[in-house]
Amino acid sequence: MPSEIELFVNRLDSVESVLPYEYTAFDFCSAPSEKRPSENLGQVLFGERIEPSPYKFKFRVNEECSHVCTKNYNTEKQEEKIKLDFLKKGMLLNYQHHWIVDNMPVTWCYEVEASQKFCNPGFPIGCYVTEASQPKDACVVNTDFNARDTFYLFNHVDITIFYHVVENEAAGARLVTAKMQPRSDHPDCTGEPMGINNKFTGELKVAYTYSVKFVEDKNIRWASRWDYILESMPHTNIQWFSIMNSLVIVLFLSGMVAMIMLRTLHKDIARYNQMDSVEDAQEEFGWKLVHGDVFRPPRKGMLLSVFLGSGTQIFIMTFVTLFFACLGFLSPANRGALMTCAVVLWVLLGTPAGYVAARFYKVVFADFFLMNLILWGEGSSAAMPFGTLVAILALWFCISVPLTFIGAYFGFKRSAIEHPVRTNQIPRQIPEQSFYTRPLPGIIMGGILPFGCIFIQLFFILNSIWSHQMYYMFGFLFLVFIILVITCSEATILLCYFHLCAEDYHWQWRSFLTSGFTAIYFLVYAIHYFYSKLQISGMASTILYFGYTMIMALIFFLFTATSANTPGAESLVRPGRGLRREPHDKFPTRSWIRNK
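Under the annotation held in an unreviewed UniProt entry, the protein chain carries the name Transmembrane 9 superfamily member and is attributed to Scleropages formosus. Note on the protein chain: under the UniProt heading Subcellular location (unreviewed entry), the record states "Membrane". Of the protein chain, the UniProt comment under Sequence similarities (unreviewed entry) reads exactly: "Belongs to the nonaspanin (TM9SF) (TC 9.A.2) family."

Pasting the structure below:
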């Protein structure tokens, strides 16, 4: 007896709206009450709602024009008119189905420019031809869609399932690919499109049908059955260009840092060692003048400590998540695994966050809850259920917060960080600064180079989030992550050195904000992306886009600022190797070293 193949349906989303909807929100054919597959935390946070569908197949049993159900609409009945109008709204905003067979997306493959084939892991509800006879979205693929001010509902699908026979295994055969072609058709599947005029009144019957065909393909291995989707996505060459661009920036910064460390500092220390008298040593200049003030506690040190602790938590979470993604544990086949891993790591990494904050002496939830209220009001599947909200709060209060206090306990238990020089009792007066050494211009310049390393990769990440494109190049992303950390550190070291040479010893916040300003460039780019690349319409979708973008910018700010903070800048003001301080805090002279 042939085995039954189940087809599952997921949420519907659109590039013109941030609001995803469950399959049952639209008036499609629904399956009888069946148990839904359980979703992990990442799937719930992304609004995925997988449920059984009424489309049932028998393995290697081809079917033609099989009837699923018929939906009736009468525009004189308010309830049915609302359902039909919601379907029209879905077609107008180009909402996409996402079907799943054997944990594979059912893809819609079509040709794009230069005869290249693109396989989309979703297909539209339908399409619309405007009053000016201008076809929108999927209506451009068929010249028969030409009636003015008319909607074409894709109520028929031709599904082709590819499989290969497995020898010497009990499984018999494995499904390797599932493709489909959507059509607007009449109940008898004659191929003539079924148009729904925008001004239609009266009664309407919509029959949902499907055809399925099984094809044996011995060339596709089960382990590589996702490759045809990933290979159809372009931009691999651009990824290499992004890496090369980032490496050039890193080499430039590394050369600058090496020049300062090996030439300037070495030359200065050597000159001090050649001095013959204390009077000569008193003729200090540049960064040597502020060695007695450079470890003075910063203003609002507690806030800086909290930022450092949270940034450490985000930094370690990002590193571990990307590392596991590179190993293949968080591939697109494991739906929601990436987000689940990130959330669990963030909760468990409260200990290093508290430890770092305590050694150096949480706001997002409000924004998140506001976004969730808007999603609830719009009836979107992305709105988290109340039970999930309670579970996340429980994770934070019952696991993350106690771990933070444990980390803080160990941080306070350790001895304070010892400074290599004594801090003067009277703060030194800071001379008037030139324009380029003032805090704001330096901070603004500090974020340019790190952003230059990531802006190409950022485009693909935003496409994955807002345009629902599949992201899988975690190896490239991990390389860019390492390059970004190096670039942030070296840019901060350079600017810290220049500011200390200008006798400005308020370096702690400046060090933190220099690379953290990369998040402002990220925010500006996200605004540019919204207006130039997206077609999002509606007040709710706009508020959600910018609300979630602000959360991402804050996380990115803490990440970049922490990844390049105090260790690099602190090394600039430490005395040279083998040198000791006299009580008067001056550099040792050659005669003093000789007497010793």
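Once you've had a look at it, read on.
### Brief notes about the overall build of the protein chain
Along the backbone of the protein chain there are 18 helices and 17 strands. Per-residue burial for the protein chain yields a buried fraction of 50% across its 596 residues.

### Points about the side chain of Thr562
Here Thr562 lies in helix 16 (residues 539-563). When sequence neighbours within four positions are dropped, the list of residues in contact with Thr562 reads Phe307, Leu308, Gly311, Thr312 and Phe512.

### Structural notes on the side chain of His156
Structurally, the position occupied by His156 is in strand 14 (residues 156-165). In this structure the side chain of His156 is engaged in a polar contact, spanning 2.8 Å, whose partner is the side chain of Asp158. When near neighbours in sequence (up to four residues on either side) are disregarded, His156 contacts Cys65, Gln181, Pro182, Arg183, Asp185, Cys189, Thr209, Tyr210 and Ser211.

### A short note on the sheet that holds strand 12 (residues 126-129)
Read across the sheet, three strands follow the order 12-13-16 without closing on themselves; strand pairing throughout is antiparallel. The open sheet has two edge strands, strand 12 and strand 16 (195-197), and neither has a second partner. Averaged over neighbouring strand pairs, the angle between their axes works out to 25° when direction is ignored. By the bridge criterion, four bridges tie strand 12 to strand 13 (residues 150-153) in an arrangement that is antiparallel. Bridge assignment links Gly126 to a residue of strand 13, and that residue is Leu153. Where helix 2 (residues 78-92) meets the sheet, its contacts fall on strand 12, strand 13 and strand 16, and the angle it forms with strand 13 comes to roughly 90°.

### Describing the pattern of salt bridges
With the rule as written, the count across this model stands at eight salt bridges. Between Lys56 and Glu6 there is a salt bridge, and its shortest N-O distance comes to 3.6 Å. Placement of the pair is Lys56 in strand 4 (residues 51-58) and Glu6 in strand 1 (residues 4-9), with a sequence separation of 50 residues. Residue classification places Glu6 among the partly exposed positions, given a relative accessible area of 34%. A salt bridge links Arg183 to Asp158; the nearest nitrogen and oxygen atoms lie 2.5 Å apart. Linking Arg183 in strand 15 (residues 173-183) with Asp158 in strand 14, this pair joins segments that are 25 residues apart in sequence. Arg183 gets classed as partly exposed once you look at its relative accessible area, which sits at 27%. For Asp158, a relative accessible area of 23% translates into the label partly exposed. Overlapping salt bridges bring together Glu131, Asp149 and Lys199 as one network.

### Observations concerning the nonpolar core
Residues Tyr55, Phe57, Trp99, Ile125, Ile159, Tyr208 and Tyr545 are the most contacted members of the largest nonpolar core, which totals 125 residues. The element that contributes the greatest number of residues to this core is helix 13 (residues 474-501), accounting for 14 residues. Residues from two domains meet in this core; each of domain 1 (4-231) and domain 2 (300-414 + 441-568) gives at least three. When sequence neighbours within four positions are dropped, the list of residues in contact with Ile125 reads Leu12, Phe26, Phe28, Leu87, Gly90, Met91, Tyr95, His97, Leu153 and Phe154. Ranked by size, the runner-up nonpolar core spans six residues in total, among them Val44, Leu45, Val343 and Ile392.

### Remarks on the packing of helix 12 (residues 448-466) against helix 13
Direction vectors running N to C along helix 12 and helix 13 enclose 160°, while the axes themselves pass 9 Å from each other. The angle between the axes of helix 12 and helix 13 places the two elements in the roughly antiparallel class. In terms of crossing hand, the pair formed by helix 12 and helix 13 is left-handed. The residues of helix 13 that touch helix 12, namely those facing Leu449, Pro450, Cys453, Ile454, Gln457 and Ile461, are Phe476, Leu477, Val480, Ile483, Leu484, Thr487 and Cys488. Class assignment of the residues belonging to the contact of helix 12 with helix 13 gives a composition of eleven nonpolar, two polar and no charged.

### Overview of unusual backbone geometry
Comment: phi is negative for the bulk of residues other than glycine, and the bulk of peptide bonds are trans. Of note in this structure, Asn94 is not a glycine but carries a positive phi near 60°. Positioned with a positive phi, Asp137 is a non-glycine residue whose angle comes to about 50°. Relative to the helices and strands, Asp137 resides in the loop between strand 12 and strand 13. Look at Asp137 and you get partly exposed, because its relative accessible area is 31%.

### Notes on helix 2
An α-helical turn contains 3.6 residues, so a residue and the one three or four places further along point in the same direction. Helix length check: helix 2, at 15 residues, gives a terminal C-alpha distance of 21 Å against a target of 21 Å (1.5 Å per residue), a fit within 8%. Every buried residue belonging to helix 2 is among Leu84, Leu87, Lys88, Gly90 and Met91, and all of these are buried. One face of helix 2 carries all of its buried residues, which in axial projection span an arc of 160°. More than 90 degrees from the buried face of helix 2, the exposed residues found are Gln78 and Glu79. Those residues of helix 2 hidden inside the fold are in contact with strand 5 (63-74), strand 12, strand 13, strand 16 and strand 17 (203-216).

### Concerning helix 12
The largest bend in helix 12 is about 50°, located at Phe455. Those residues of helix 12 that sit buried are Pro450, Phe451, Gly452, Cys453, Ile454, Ile456, Gln457, Leu458, Phe460, Leu462, Asn463 and Trp466.

### Some remarks on the sheet that holds strand 1
With antiparallel pairing, four strands are arranged side by side in an open sheet as 4-1-7-8. Strands with a single pairing partner mark the edges of an open sheet, and in this sheet they are strand 4 and strand 8 (104-105). With two bridges joining them, strand 7 (residues 99-101) and strand 8 adopt antiparallel strand pairing. Opposite Ile100, over in strand 8, you have Pro105 as the bridge partner.

### Some points on the environment of Cys109
Among the secondary structure elements, Cys109 is positioned in strand 9 (residues 108-111). Distance from Cys109 to Gly122, taken between C-alpha atoms, is 9.6 Å for residues 13 residues apart in sequence. Not counting chain neighbours up to four residues away, the residues in contact with Cys109 comprise Lys117, Phe118, Cys119, Lys179, Met180, Gln181 and Tyr228.

### Focus: the environment of Ser38
Among the structural elements, Ser38 can be located in the loop between strand 3 (17-21) and helix 1 (41-45). Ser38 sits in the exposed class, given a relative accessible area of 73%. Remark: the alpha-carbon pair of Ser38 and Glu51, spanning 13 residues in sequence, is separated by 9.2 Å.

Analysis parameters
- Residues numbered from 1 in each chain as written.
- Predicted model: local features only at pLDDT ≥ 70, side-chain atom pairs only at ≥ 80, totals over all residues.
- Heavy atoms only, no water.
- UniProt positions renumbered as here; feature names shortened; annotations may be inferred.
- Helix = DSSP H or I, 4+ residues; strand = E, 2+ residues; numbered from the N terminus.
- Buried < 20%, exposed > 50% of the residue type's maximum accessible area, 1.4 Å probe, protein only.
- Contact = heavy atoms within 4.5 Å.
- Polar contact = N/O pair within 3.5 Å; in protein donor to acceptor, adjacent residues only side chain to side chain.
- Pairing = 2+ DSSP bridges.
- Axes fitted to C-alpha atoms, helices over the stretch in contact; angles between N-to-C directions.
- Salt bridge = Lys/Arg side-chain N within 4 Å of Asp/Glu carboxyl O.
- Core = buried A, V, L, I, M, F, W, Y, C linked by side-chain atoms within 4.5 Å.
- Domains from an automatic or database assignment.
- Parallel < 35°, antiparallel > 145°, perpendicular 65-115°, else oblique.
- Left-handed = near helix turned anticlockwise from the far one by under 90°.
- Nonpolar A, V, L, I, M, F, W, Y, C, P; charged D, E, K, R; others polar.
- Expected span 1.5 Å × (residues − 1).
- Arc of directions from axis to C-beta.
- Bend = angle between axes of the 7 residues up to and from the residue.

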